[in-house]
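Chain residues, written in single-letter form:
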Amino acid sequence: MRLLLHTCCGPCTLYPLERLRAKGFEVTGHFFNPNVHPFREYERRVEAMETVADRLGLPVLWAPEGYDLHRWFEAVGPETDPGRRCPACYRLRLSAAAAAAKAHGFPAFSTTLLYSRYQRHAEIRAAGEAAAREAGVAFHYEDFREGWAAGIEAARALGIYRQPYCGCLFSEGERYAARAERLRRRLAAPAAGRAA
Ligand code: SF4
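Only a predicted model underlies this, so the values are computations on that prediction, with no experimental measurement involved.

Regarding the state of the cysteines
Alright, step 1. Under the defined criterion, the tally for this structure stands at zero disulfides.
Alright, step 2. Unpaired in terms of disulfides, Cys8 finds its nearest cysteine sulfur in Cys9, a separation of 3.9 Å.
Alright, step 3. Residue class for Cys8 comes out buried when judged on its relative accessible area of 13%.

Pasting the structure below:
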């Protein structure tokens, strides 16, 4: 069975791809991630994905929108609370994957977001199933999280870039919140000899 796999990044693709291929799926990747900011970060993740595609012989449909920063902020960005922001982000990306599956004749699609231990797994599944209903294709649900360690090991072996935060600028701020607070305190503290 042909399956379109929404790929959030190269490292997260490795384990789901191996597992799906072992089950006999003929997998094509789909890269649409306007949630990744800023551009240099987006570019690094695209390059990691290109390496995965090249080394593992994975055909990829690259979303024609490219780095669609505005679309993400219009659809998701107003929400700063991750409890609402992340589900909206999943809906945006998985709706695009479902529409691409329909347009390119894939009977089903899935997503590498189901591999992450740090994402809202149940909400990814709900977003995928809703997008599938809207587009008229099937959503292939699978819990890929058990392959977390194997996927990290495979990414290290390939030498590809592994990102330190989820993608959006809000998630970068959350990742480095403690460091930013330490910086703020250091700059706020009276220091002998510092210029005003
Ligand atoms: S934290 Fe990740 S999933 Fe949540 S909105 Fe940001 S990029 Fe999307």
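Notes on the pattern of salt bridges
Alright, step 1. Scanning the entire structure with this criterion turns up 14 salt bridges.
Alright, step 2. Here Arg19 makes a salt bridge to Glu146, at a shortest N to O gap of 3.1 Å. Linking Arg19 in helix H1 (residues 10-22) with Glu146 in the loop between strand S5 (138-139) and helix H6 (148-158), this pair joins segments that are 127 residues apart in sequence.
Alright, step 3. Judged by its relative accessible area of 16%, Arg19 falls in the buried class.
Alright, step 4. Residue Glu146 is classed as exposed on the basis of its relative accessible area, which comes to 65%.
Alright, step 5. Residues Arg40 and Glu43 are paired through a salt bridge, measuring 3.5 Å at the closest nitrogen-oxygen approach. One end of the pair, Arg40, and the other, Glu43, are both in helix H2 (residues 39-56), three residues apart, so they sit about a helical turn from each other.
Alright, step 6. On the basis of relative accessible area, Arg40 is assigned to the exposed category, the value being 62%.
Alright, step 7. Salt bridges here are not isolated pairs; linked through shared partners, they connect Arg19, Lys23, Glu142 and Glu146.

A closer look at the site of the ligand
Alright, step 1. Around the ligand, a shell composed of Asn35, Trp72, Arg85, Cys86, Cys89, Tyr90, Arg93, Gln119, Cys166, Cys168 and Ser171 is seen.
Alright, step 2. Using a 2 Å cut-off from the grid points, one finds that the ligand occupies the largest pocket.
Alright, step 3. Broken down by element, the residue count for the shell around the ligand peaks at five residues, all from helix H4 (residues 82-103).
Alright, step 4. Here the shell around the ligand is composed, by residue class, of six nonpolar, three polar and two charged.

Quick look at the nonpolar core
Alright, step 1. Grouped together as the largest cluster of nonpolar side chains are 49 residues, with contacts concentrated most on Leu20, Val27, Phe109, Tyr115 and Ile160.
Alright, step 2. Residue assignment for this core shows that the elements contributing at least two residues are strand S1 (2-6), H1, strand S2 (26-31), H2, H4, strand S4 (108-111), helix H5 (121-135) and H6.
Alright, step 3. Of the residues forming this core, the biggest block, seven residues, is contributed by H4.
Alright, step 4. Core analysis: the next-biggest nonpolar cluster, separate from the first, contains nine residues, Phe32, Ala88, Leu92 and Ala96 among them.

Focus on the environment of Glu174
Alright, step 1. Within the secondary structure, Glu174 sits in helix H7 (residues 169-175).
Alright, step 2. Separated by 92 residues in the primary sequence, Glu174 and Pro82 have C-alpha atoms spaced 10.0 Å apart.
Alright, step 3. Among all residues touching Glu174, those that are not within four sequence positions of it are Thr80, Pro82 and Arg85.
Alright, step 4. Separated by 2.9 Å, the side chains of Glu174 and Arg85 make a polar contact.

With respect to the UniProt feature "binding site: [4Fe-4S] cluster" (unreviewed entry) in the protein
Alright, step 1. The UniProt feature table records "binding site: [4Fe-4S] cluster" (unreviewed entry) at Cys8, Cys9, Cys86 and Cys89. Lining the largest pocket, from the residues just named, are Cys8, Cys9, Cys86 and Cys89.
Alright, step 2. Here Cys8 lies in the loop between S1 and H1.
Alright, step 3. The contacts of Cys8, once residues within four sequence positions are left out, are Phe31, Asn33, Arg93, Thr112 and Leu113.

Considerations on the sheet that holds S4
Alright, step 1. If you trace the five strands from one edge of the open sheet to the other, you get S3-S2-S1-S4-S5, paired in parallel fashion. At either end of the open sheet lies a strand with only one pairing partner, and these are strand S3 (60-62) and S5.
Alright, step 2. Where S4 meets S5, two bridges bridge the pair, whose relative direction is parallel. Bridge pairing in S5 links Phe109 to Phe139.
Alright, step 3. Sheet strands touched by H2: S2 and S3. Its angle to S3, the strand with the most contacts, is close to 155 degrees.

Scoring rules and cut-offs
Residues numbered from 1 in each chain as written. Predicted model: local features only at pLDDT ≥ 70, side-chain atom pairs only at ≥ 80, totals over all residues. Heavy atoms only, no water. Disulfide = S-S within 2.5 Å. Buried < 20%, exposed > 50% of the residue type's maximum accessible area, 1.4 Å probe, protein only. Salt bridge = Lys/Arg side-chain N within 4 Å of Asp/Glu carboxyl O. Helix = DSSP H or I, 4+ residues; strand = E, 2+ residues; numbered from the N terminus. Near = heavy atom within 4 Å. 1 Å grid on protein atoms, 1.4 Å probe; cavity = no way out; pocket = protein on both sides within 12 Å on 5 of 7 lines; lining within 4 Å. Sits in = over half its atoms within 2 Å of the grid points. Nonpolar A, V, L, I, M, F, W, Y, C, P; charged D, E, K, R; others polar. Core = buried A, V, L, I, M, F, W, Y, C linked by side-chain atoms within 4.5 Å. Contact = heavy atoms within 4.5 Å. Polar contact = N/O pair within 3.5 Å; in protein donor to acceptor, adjacent residues only side chain to side chain. UniProt positions renumbered as here; feature names shortened; annotations may be inferred. Pairing = 2+ DSSP bridges. Axes fitted to C-alpha atoms, helices over the stretch in contact; angles between N-to-C directions.

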